[in-house]
Each structure stands twice: as C-alpha cells, then as structure tokens.
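# Coordinate analysis (summary)
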Amino acid sequence: MSGEMRPPPEVEIYAPEFPPEMEWLNVAFLRMNTLMGRGAVLVEFWDFVRVNSLRTMPYLKAWHERYSDAGLRVIGVHSPGYSFGRDRDLVARAVERLEVRYPVLLDPRLEVWREYGNKGWPGRYLFDRRGRLVFLHYGEGEYLDTELAIQECVGKEMELLAPMRPEDEPGALLEPQT
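Keep in mind it's a predicted model, so treat the numbers as computed, not measured.

Moving on: the overall build of the chain. In terms of regular secondary structure, the chain is built from 5 helices and 7 strands. Counting from the amino terminus, the chain carries its helices and strands in the arrangement β-β-α-β-α-β-α-β-α-β-β-α. What you see for the chain is a C-alpha radius of gyration of 16 Å, in line with the 16 Å of a compact globule of 178 residues. In terms of principal-axis extent, the alpha carbons of the chain reach across some 45 × 40 × 30 Å. Out of the 178 residues belonging to the chain, those deemed buried represent 49%. Accessible area for the chain stands at about 9,400 Å²; split by element, carbon and sulfur atoms hold 51% of it. Each charge sign in the chain was given a centre, from 22 positive and 29 negative side chains, and these centres are 5 Å apart.

In structure tokens form, the structure reads like this:
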C-alpha cells in the first residue's frame, strides 16, 4: 500500500499519546502532550530489516537536521515485522549503526502501531503544533510533498531536498525487479 494523504480541513485527527511504559532510544522518554505547542511532530513507523524503511531513512535524517531548529521533532517508532526485531539490543545496535540521532520508540508488541491504525512500513504521520494530523503517507516516496507539509507546519521555507536516489526523481520510470 502506498499513498499520501492530507486530511480534509474539516476533519480533525489528533496525535495519540505514547504509552508511558514504553522504552526509548536516544532520549529518556517523550510525551506527545509536552511536544504539542512547541512544534510539529513527524512520526515514522519503521523496521530496521525492512528495505523500504531503510530507503526513507536518509530523508528523515535530513529533515531532522534541517528543521529541528524550526520546531520539528522527528520520532521513529520501531515496530518489528519479525520476532527477532523485538530484541532491544539488536534494535539499539541498528540505531547506532544507521546513525539515527532522533528519538526512537521501541514498539515490540505493536501497541503504538495499533493505536495509530498504521498500515505498513514505513508509515509517516505529520502533526502540526496543535497535534492535528496534517499529512499521512504509507510506503516510500512523496518526499517533496512531505517536506512541503513540514515547511507549512514549522513556518520555514527553504529549497527542497534534491532526490537522494535516481528512483526518487519525479516521473522516474523503473524496470520491474526480477
């Protein structure tokens, strides 16, 4: 499943709170209600063994670097698709190896995944300063639209990131994989 969505303006969907007993990497813990009002929050569901998650990571890192000073908080929710992905130490080593600097919430039992009604890896949710969902995307791609939505949320216009891979170019045609 792939697709990008902006909820209709009259529909207000707010960010669910993270369960308090969850474990975090790169931060002690975060509460969604304390993040609201400070800036926008980009939540991405990912799995360190899913190639689709790994392909989106350079964009997440870049957005974290570019927009954190403007109020964007990037949060990775590691929701494993395989049983070994529930191992905290394996995930911690992957986060270190992949040089993930933003907070990562460990979701080994997929509690947060279910709370969000997430549909796949990666799943990207952008919330504005009020905690209202303004952008949603499942799968790879939609990097330009995501960044435009981020800029709207944080009130900072800059030149958009150039595509990081040839297949990310708008209109790129790819040969079917065998």
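Our next topic: the pattern of salt bridges. One pass over the full model with this rule turns up 13 salt bridges. R66 serves as the salt-bridge partner of E147, at 2.6 Å between the closest nitrogen and oxygen. Remark: R66 occurs in helix α2 (residues 51-67) and E147 occurs in helix α5 (residues 143-154); sequence separation between them is 81 residues. R66 shares its class with E147; the two are buried. In this structure, R165 and E167 form a salt bridge, with 3.0 Å as the shortest nitrogen-oxygen distance.

Right, let's talk about the packing of aromatic side chains for a bit. Throughout the structure, instances matching the rule amount to 13 aromatic pairs. Their ring planes at 70 degrees and their centres at 6.5 Å tell us that F48 and F84 sit as a pair that is edge-to-face. Placement of F48 in the loop between β3 (41-46) and α2 and of F84 in the loop between β4 (73-78) and α3 (88-97) is noted, with a sequence separation of 36 residues between them. For F48, a relative accessible area of 12% corresponds to the buried category. The exposure class assigned to F84 is partly exposed, which follows from its relative accessible area of 42%. Above the face of the W121 ring, R50 is positioned so that its terminal group lies 3.7 Å from the ring centre.

Look at α2 against α5: their axes get within 12 Å of each other, and the N-to-C directions meet at 20 degrees. Looking at the two axes, α2 sits roughly parallel to α5. The handedness of the crossing between α2 and α5 is right-handed. In contact with R55, T56, Y59, W63, R66 and Y67 of α2, α5 contributes Y143, T146, E147, I150, Q151 and V154.

Moving on, we come to unusual backbone geometry. The omega torsion of the bond from W121 to P122 falls at -20 degrees, within 30 degrees of zero and hence cis. With respect to the helices and strands, P122 occurs in the loop between α4 (111-116) and β6 (123-127). Phi angles above zero are rare outside glycine, and N26 is one such case at about 70 degrees. With respect to the helices and strands, N26 occurs in the loop between β2 (23-25) and α1 (32-35). A residue is classified by how much of its surface remains accessible, and N26, at 45% relative accessible area, is partly exposed.

Bringing α2 into the picture now. Its 17 residues place the ends of α2 25 Å apart at the C-alpha level, agreeing with the 24 Å of an ideal helix rising 1.5 Å per residue. At M57, α2 shows its largest kink, close to 35 degrees, and the proline P58 lies no more than four residues downstream. The set of residues buried in α2 consists of S53, T56, M57, Y59, L60, A62, W63, H64, R66 and Y67. Residues of α2 that are buried in the fold lie against β3, β4, β6 and α5.

Thresholds, definitions, all that
- Residues numbered from 1 in each chain as written.
- Predicted model: local features only at pLDDT ≥ 70, side-chain atom pairs only at ≥ 80, totals over all residues.
- Heavy atoms only, no water.
- Helix = DSSP H or I, 4+ residues; strand = E, 2+ residues; numbered from the N terminus.
- Rg over C-alpha atoms; globule rule 2.2 N^0.38 Å.
- Buried < 20%, exposed > 50% of the residue type's maximum accessible area, 1.4 Å probe, protein only.
- Areas by Shrake-Rupley, 256 points an atom, 1.4 Å probe, with all protein chains shown as cover.
- Lys, Arg positive; Asp, Glu negative; His and termini not counted.
- Charge placed at Lys NZ, Arg CZ, Asp CG, Glu CD.
- Salt bridge = Lys/Arg side-chain N within 4 Å of Asp/Glu carboxyl O.
- Phe/Tyr/Trp six-rings, centres within 6.5 Å; stacked < 30°, edge-to-face > 60°.
- Lys NZ or Arg CZ within 6 Å of the ring centre and 35° of its normal.
- Axes fitted to C-alpha atoms, helices over the stretch in contact; angles between N-to-C directions.
- Parallel < 35°, antiparallel > 145°, perpendicular 65-115°, else oblique.
- Left-handed = near helix turned anticlockwise from the far one by under 90°.
- Contact = heavy atoms within 4.5 Å.
- Expected span 1.5 Å × (residues − 1).
- Bend = angle between axes of the 7 residues up to and from the residue.

Don't take any of this as a statement about function, it's just geometry.
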